[in-house]
Amino acid sequence: MTLALNGVTKEFNRRSIFRDVSFSLGSGESLAITGRNGSGKSTLVKIVCGLLSPTRGTIEYVHDGKMIEGEDVRNHIGLVSPYLQLYDEFSGMENLELLSAIRSDRTLEDGRIDEVLNDVGLWERRKDLLRTYSSGMKQRLKYAFAVVHRPDILILDEPTSNLDKDGIEMVTRRVREQQKSAILIVATNDADEATWCSKKVELGTHR
Ligand SMILES: Nc1ncnc2c1ncn2[C@@H]1O[C@H](COP(=O)(O)OP(=O)(O)OP(=O)(O)O)[C@@H](O)[C@H]1O
Ligand SMILES: [Mg+2]
């Protein structure tokens, strides 16, 4: 898998957020996106996921020598972010099943959902409605959703928000796993988290 951004610029209402961001990542490579509050980290993450369009510039996803386009992009990406919406009136397990069904191209192998729920420490609470979850439990469920399809690109925006010591350990394990053979992107204000990655893009320095 390779991911390449070329001259990506984003403006909101003609206000420039960032200009000319370019990078390329192959399997086993990782990138930290840093910069102050409001510098555009989450905006760049959304562009990489295909949730927002850039004002200028291009994003290319190549898998096994083939370009990946449109809806198919989401089958290759896992995202953990504060703006990911979960369903309060469904259980943790139902959320995972529902959200996974949106990804069309791969059916999960038997037992995979149980495996990730166990992995993020939510197995015991899987049947409880999401509105009864603590914020750290919701963050853990986002990890389950992000990795259940074994994504080629894992993107973490504010990776450890609301997590306790065990939760952070779960994240660092996951990060190491992802770095073995896939692409990892971490958007963060935390200097320690930025050191997880081999490459770095710092936003907000052009002003
Ligand atoms: N939909 C939108 N319409 C207009 N402006 C927006 C929109 N989304 C974000 N912005 C602006 O873009 C800038 C970058 O926001 P973004 O959320 O990407 O920053 P960030 O680096 O993730 O910040 P933080 O560290 O606080 O998470 C901010 O000035 C924000 O107000
Ligand atoms: Mg942000």
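Residue indices follow the written sequence of each chain, beginning from 1 at its first position. Each chain is given a letter, starting from A, and each ligand a number, starting from 1, according to the order in which they appear as written. Local features are withheld for residues below a pLDDT of 70 in this predicted model, meaning they are given only at 70 or higher, and side-chain atom pairs are given and counted only at 80 or more; totals for whole chains, interfaces and linings count all residues. Heavy atoms from the whole structure form the basis of all side-chain values; hydrogens and water molecules are not counted.

Here the focus is the site of ligand 1. Taken together, 13 residues form the shell around ligand 1, and within it N37, G38, K41, S42 and T43 come nearest. Each polar contact in these results corresponds to two N or O atoms within 3.5 Å; when the atoms are within protein, one needs to be able to donate a hydrogen and the other to accept it, and residues that are neighboring in sequence are counted only if both atoms are side-chain atoms. Contacts to ligand 1 include G40, whose backbone N or O atom sits 3.0 Å from an oxygen atom. Taking S42, its side chain carries an N or O atom lying 2.8 Å from an oxygen atom of ligand 1. Computed by Shrake-Rupley with a 1.4 Å probe, the accessible areas treat only the displayed protein chains as cover when residues are assessed. Relative to its unbound accessible surface of 640 Å², ligand 1 loses 62% to contact with the protein. When residues of the shell around ligand 1 are traced back to their parent elements, those giving at least two are β2 (15–26) and α1 (41–49). Numbered from the N terminus, helices here are DSSP runs of H or I no shorter than four residues, and strands are runs of E no shorter than two. No other element matches α1, which puts 3 residues into the shell around ligand 1. Any residue with a heavy atom positioned within 4 Å of a molecule or strand is treated as near that molecule or strand.

A few words on the side chain of T34. Along the polypeptide, T34 turns up in strand β3 (residues 30–34). Should any heavy atoms of two residues lie within 4.5 Å, those residues are counted as being in contact. Residue contacts for T34: discarding those within four places in its chain leaves S39, K41, T188, A194, K200, V201, E202 and L203.

The subject of this paragraph is the pairing of strand β4 (residues 56–63). Relative to β4, strand β1 (residues 2–12) runs antiparallel, the two sharing 6 bridges. Bridge pairing links A4 to E60 in β4. Note: β4 against strand β5 (residues 66–67), 2 bridges, orientation antiparallel. Considered in β5, the bridge of H63 is made with K66. Strands pair, by our definition, only if DSSP identifies at least two bridges between them. The turn joining β4 and β5, which pair antiparallel and follow one another in sequence, is formed by 2 residues; a positive phi near 50° is taken by D64.

Let us look at the layout of surface pockets. Over the atoms rolls a probe the size of a water molecule, and in doing so it shows where empty space is left. Lining residues are those with an atom within 4 Å of a point, where the points come from a 1 Å grid over the protein atoms alone and group into cavities, where a 1.4 Å probe fits but cannot get out, or pockets, open sets with protein on both sides within 12 Å along at least five of seven lines. Grid points are joined across faces, edges and corners, and a volume is the space filled by probe spheres set on the points. By volume, the largest pocket is sized at about 660 Å³. What lines the largest pocket is a set of 27 residues, and nearest its centre among them are C49, G50, L51, V73 and R74. Where the lining of the largest pocket is concerned, the elements lending two or more residues are α1, β4, β6 (77–80) and α2 (92–102). Three categories are distinguished: nonpolar for Ala, Val, Leu, Ile, Met, Phe, Trp, Tyr, Cys and Pro, charged for Asp, Glu, Lys and Arg, and polar for the others, with Gly belonging to the last. A breakdown of the residues in the lining of the largest pocket according to their chemical character gives 17 nonpolar, 5 polar and 5 charged. If you add up the space inside the second largest pocket, you get close to 250 Å³. Around the second largest pocket, the lining residues are R112, E115, V116, D119, V147, R150, P151, R174, E177, Q178, S181 and A182. Among the elements of the structure, α3 (112–119) and α5 (165–181) are those that each provide at least two residues to the lining of the second largest pocket. Of the residues in the lining of the second largest pocket, the class split is 4 nonpolar, 2 polar and 6 charged.

A simple rule labels every residue: compare its accessible area, found with a 1.4 Å probe on the protein chains alone, to the largest value its type can have, and call it buried under 20%, exposed over 50%, or partly exposed in between. Of the residues making up α2, those classed as buried are G92, M93, N95, L96, L99 and S100. Along the axis of α2, the buried positions cluster into a sector of 155°, meaning they face one direction only. Where the residues of α2 are buried, they touch α3 and α4 (135–147). Regarding the arc, it is the one traced by the directions from the helix axis to the C-beta atoms.

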